[in-house]
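Breakdown of the fold
Spelled out from the first residue to the last, the chains are:
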Amino acid sequence: MEEHLEMSFFKLLTNNNDTFLLFVCYRPQWQGSAPIQFIHANLDSLLLQHSCKHLINVGDLNQHLVARPFQELLTDYGLTNHVTFPTHISGSSLDPVISDLPEKAITCGPLGMVGSSDHSAILTTIRTSVERDVPVPRTNWLWAQGDWDSLIGELDSMEWTLLLHSDVDSQVDIFNYVLLSLQRKFISSQEYKTKPRDQSWFGFQCRTAADAKSRAWTRVLPSPLRKVKKQLLLLDPKKALGPDNISPHVLKRCAAQLAPPLNIIFNNCLSSCKWPTQWKEARVVAVHKKNSKSDPKNYRPISLLTIVGKVMESLMASKITSFLDAHHLLNTKQFGFRKGKSAADLLFQSAAWNHSLDRGLDTFVVALDIAVAFDRVWHQGIIAKLRSLGVCSDLLNLVQDYLSCRTLRMVVNGHTSNQFPIMASVPQDSILGPLLWNVYSYFNNILQLIPEAKAFADNCALSFSCDRSERKDTVYHINQALENIVSWSNHARKVAKNAAWRLNCVRRVSHLLDAKGVEVLYKAHVRSVMEYSPLAWSSCPLSYLATLDRVQARAHQLMQLKAAPHQPASFQPLQERREVAGLCMMHKAHILHTRHLVTLQLPSPPPATRSTRAPPFRQQQVDVPYSRTEHHLRSFLPRYGRLWNTLVRNTDIGHSDSLQAFKREVNRWVETARGYNHN
């Protein structure tokens, strides 16, 4: 550390073996941003060198004079300044308490002036103890050690037609009893207690890889049986158990043997128009999100349904979806819960806003969001909508019974609440729920009546443009609305801070990992946050995107510390990845002609008036819109339209009919042609 920097560093140990790096810093006004830059450049190294999990910084930083470097430090490291009150006699806040701990863990308060000092003393209380839940006994099934041949043999010898001869509720009871009995007989298990921080899906011996692909069918099955078996083979064995405790492991491994009895039950459900009572109960588990565990608002309720019931839902959803798609009954401007559509596709529709603004027009945008929308769906309204769309007979009656008399129970630490009725809503975590929402959606009428309206699930956006002279009295309010729409600085900073906080978690466990482990965790849990629908907001200034690059630079430095000398560490630059994603979107719109991306299709340039060297590729080029403003120049169509033209002029990559093949080739082209540095 340079001599003129005034800092002291301490390593604090707590009685629960947590380690803190406490550093006290005084930054005189004449020093500029040098102290902040030193902290920024060396913080990760200090934390790793001294094996500190968390950090706390206190002192007089006069941060109002170096606001931008100070804000970048907080953003890039996922830190929070817990002092929100004046600390100086002038009324300014000059003495921050910075930490990567949760906001609830630190409380700061002023103590008043001390002696002749013009600064107020600050009392900081730090809670280092962790709230722990009571261990819960659980049963872990050792699926790899199961006697599957004997289990399958028993199922092969079952006379299901004799056993399943009563009403559908009794059939489900018998099926569950038989299957659970055989599971206990042929599958070994171990009893253990969960650790306080274990996730609900974590078992005694978590599976390290997905199950092997199912064997080829050994016999020809009738079409309904084939569909049932196919759905069983598609089950994810990692899914949590529903209220009936039937495991997806057993359903998937014994798909050929369980398809016939389930086919009997499913056919009985359809013919009797009755949904089994056991399949109507939901087991609700509260998953902690953040902050205090004593506040119910900090939990996300996860609804667990029976796996067998969801298999039946898949078959019904497939049938209803095929009917609705064949007759074009679902609005194409609904992008939620639709195959081949995503939130990013909806956000690209905002390209029209940029064009309007570029022409000097005012743009009005109204965003609609229905509070707890899925919990307010009226069951009779769903049935009426389905009937009006042509769904009728036994299938409609079965859906009506599926929605009626549903219940839920809350499960906390192995304790189950009383049963509560569900009077409205579509079932959470169900297969049919999202489809029924799209059918019933409040936005359907809006989407049909207003061409400018587009929706994603329970969010809807309406936009239209008009000449400014027509609405002079609302210019001020329009400008405020437009500023909120086009300004992404706060969004980019929020994304970077969230990613930095996750990277802090990776750093804390990095002593257990090699370079590859750090890389995998970074790509899965940090970079994914920074790449959620980035093309929709990548038109923000490069200075804002640079905050994301600095987070990746920290990850690169962390990986270098773990890499062997002969294994240089590198990451693909985020801007390179955004350009690959943008070119893939252009390829989908112009070559694959994806229907819902029609608004991204730019016109082809006029035919060449004279012979040129590259006429074969001219028909693949696009006519890039002219930009009058810098913001419009950075937006999706002008930016990636120009990049697309460069690609098709210099290569034949654009001819590919496969998106995956195009993506592989364009990755190579972007890296070489654009000259990105992967360090």
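Keep in mind that what you see is a predicted model, and the values were worked out from it rather than measured.

Thresholds applied
Residues numbered from 1 in each chain as written. Predicted model: local features only at pLDDT ≥ 70, side-chain atom pairs only at ≥ 80, totals over all residues. Heavy atoms only, no water. Helix = DSSP H or I, 4+ residues; strand = E, 2+ residues; numbered from the N terminus. Buried < 20%, exposed > 50% of the residue type's maximum accessible area, 1.4 Å probe, protein only. Contact = heavy atoms within 4.5 Å. Salt bridge = Lys/Arg side-chain N within 4 Å of Asp/Glu carboxyl O. Axes fitted to C-alpha atoms, helices over the stretch in contact; angles between N-to-C directions. Parallel < 35°, antiparallel > 145°, perpendicular 65-115°, else oblique. Left-handed = near helix turned anticlockwise from the far one by under 90°. Nonpolar A, V, L, I, M, F, W, Y, C, P; charged D, E, K, R; others polar. Phe/Tyr/Trp six-rings, centres within 6.5 Å; stacked < 30°, edge-to-face > 60°. Lys NZ or Arg CZ within 6 Å of the ring centre and 35° of its normal. Core = buried A, V, L, I, M, F, W, Y, C linked by side-chain atoms within 4.5 Å. pLDDT = per-residue confidence, 0-100. Pairing = 2+ DSSP bridges. Lys, Arg positive; Asp, Glu negative; His and termini not counted. Polar contact = N/O pair within 3.5 Å; in protein donor to acceptor, adjacent residues only side chain to side chain. Patch = residues over 30% accessible without salt bridge, like charges linked within 9 Å, V, L, I, M, F, W, Y side chains within 5 Å. Areas by Shrake-Rupley, 256 points an atom, 1.4 Å probe, with all protein chains shown as cover. Charge placed at Lys NZ, Arg CZ, Asp CG, Glu CD.

1. Quick notes on the overall build of the chain
Check the secondary structure of the chain and you find 23 helices and 17 strands. Within the span of the chain, comprising 679 residues, buried residues form 45% of the whole.

2. Describing helix α2 (residues 67–76)
If you check which residues of α2 are buried, you get F70, L73, L74, T75 and D76. G78 sits one or two residues past α2 and shows a positive phi near 60°.

3. Here we look at the side chain of N298
Locating N298 in the fold gives a position in the loop between β10 (281–288) and β11 (299–304). Given a relative accessible area of 11%, N298 falls into the buried group. Setting aside anything within four residues of it in sequence, one finds N298 in contact with V287, H288, K289, K290, N291 and S292.

4. Section: the pattern of salt bridges
The tally for this structure, following the rule as stated, stands at 16 salt bridges. With a closest N to O distance of 2.6 Å, R554 and D44 form a salt bridge. You can see R554 sitting in helix α19 (residues 542–562) and its partner D44 sitting in helix α1 (residues 34–49), a full 510 residues away along the chain. Judged by its relative accessible area of 4%, R554 is buried. Two residues, D76 and R550, come together in a salt bridge whose shortest N-O distance is 2.4 Å. One end of the pair, D76, is in helix α2; the other, R550, is in helix α19, and 474 residues separate them in sequence. For D76, a relative accessible area of 0% translates into the label buried. Given the relative accessible area of 22%, R550 is considered partly exposed. Each of D44, D100, R507, R508 and R554 takes part in a single network of salt bridges with overlapping partners.

5. As for the packing of helix α5 (residues 168–186) against helix α8 (residues 255–272)
Packing of α5 against α8 brings their axes to within 10 Å, and their N-to-C directions diverge by 160°. Viewed along their axes, α5 and α8 adopt a mutual orientation that is roughly antiparallel. Classified by chirality, the crossing of α8 by α5 is left-handed. Taking contact as the criterion, the partners of V168, Q171, V172, F175 and L179 in α5 are, on α8, L258, P261, L262, I264, I265, N268 and C269. Grouping the amino acids of the contact of α5 with α8 by side-chain chemistry returns ten nonpolar, two polar and no charged.

6. Notes on the packing of aromatic side chains
Per the stated rule, a full pass over the model turns up ten aromatic pairs. Measuring from ring centre to ring centre gives 5.4 Å for W275 and W279, while their planes differ by 70°; the resulting arrangement is edge-to-face. Considered together, W275 and W279 belong to a single accessibility category, that of buried residues. Ring-pair connections join several aromatic residues into one group, and the members of that group are F266, W275, W279 and Y402. Just above the ring of W148 sits the side chain of R253; from NZ or CZ to the centre is 4.4 Å. Positioned above the aromatic ring of Y402, the side-chain terminus of R406 is 4.7 Å from the ring centre.

7. Here we look at the nonpolar core
Core analysis: the biggest nonpolar cluster contains 56 residues, and L258 and I265 have the highest contact counts within it. Those residues in contact with I265 that lie beyond four places of it in its chain are L164, V168, Q171, V172, F175 and W279.

8. Quick look at the confidence of the model for the chain
For the chain, per-residue confidence averages 79 on the pLDDT scale, and residues scoring 70 or more make up 77% of the total. Of all the helices and strands in the chain, helix α16 (residues 475–486) carries the lowest mean pLDDT, 47, while strand β5 (residues 97–99) carries the highest, 94. Here residues 201–222 scores under 50 on pLDDT; set against residues more than four positions off or in separate chains, the count is 24 contacts.

9. As for the sheet that holds β5
Taken in spatial order, the five strands make up an open sheet running β1-β2-β3-β5-β4, and their pairing is mixed. Each of the sheet's edge strands pairs with one partner strand only, and the pair in question is β1 (6–13) and β4 (80–81). As paired strands, strand β3 (residues 54–60) and β5 are joined by three bridges and run antiparallel to one another. For N57, the partnering residue across the bridge sits in β5 and is I98. Each of β1, β2 (19–26) and β3 is contacted by α1, which is oriented at about 165° to β2, the strand it contacts most.

10. Examining the side chain of R27
Mapped onto the fold, R27 is located in the loop between β2 and α1. Of the buried charged residues, R27 lacks a salt bridge, with D60 as the closest side chain of opposite charge at 7.4 Å. A polar contact is formed between the side chain of R27 and the backbone oxygen of G32, at a distance of 2.7 Å. A distance of 2.9 Å separates a polar side-chain atom of R27 from the backbone oxygen of N62.

11. Concerning a nonpolar patch on the surface
The grouping of F10, L12 and V24 at the surface amounts to a nonpolar patch, some 230 Å² of accessible area in total. When you line up the elements, L12 lands in strand β1.

12. Brief notes about a positive patch on the surface
The grouping of K289, K290, R300 and K494 at the surface amounts to a positive patch. Relative to the helices and strands, R300 is located in strand β11. Look at R300 and you get partly exposed, because its relative accessible area is 45%.

13. Digging into unusual backbone geometry
You will see that C273, though not glycine, has its phi angle at about 55°, which is positive. Phi is positive for H593, which is not a glycine, with a value near 55°. In this fold, H593 is placed in the loop between α20 (574–590) and α21 (630–634).

14. Digging into the packing of helix α12 (residues 379–389) against helix α13 (residues 393–403)
Between α12 and α13, the least distance of the axes is 10 Å, while the angle of their chain directions is 165°. With respect to their mutual orientation, α12 and α13 come out roughly antiparallel. Of the two possible hands of crossing, α12 and α13 adopt the one that is right-handed. When α12 is examined against α13, the residues H379, Q380, I382, I383, L386 and R387 are found in contact with a partner set consisting of L396, V399, Q400 and L403. Of the residues assigned to the contact of α12 with α13, the class counts are six nonpolar, three polar and one charged.

15. Some remarks on the environment of V411
Inspection of the secondary structure puts V411 in strand β13 (residues 406–412). For the pair formed by V411 and V285, sequence separation is 126 residues and the distance between their alpha carbons is 5.4 Å. Other than its neighbours up to four places away in sequence, V411 contacts R283, V284, V285, A286 and T416.

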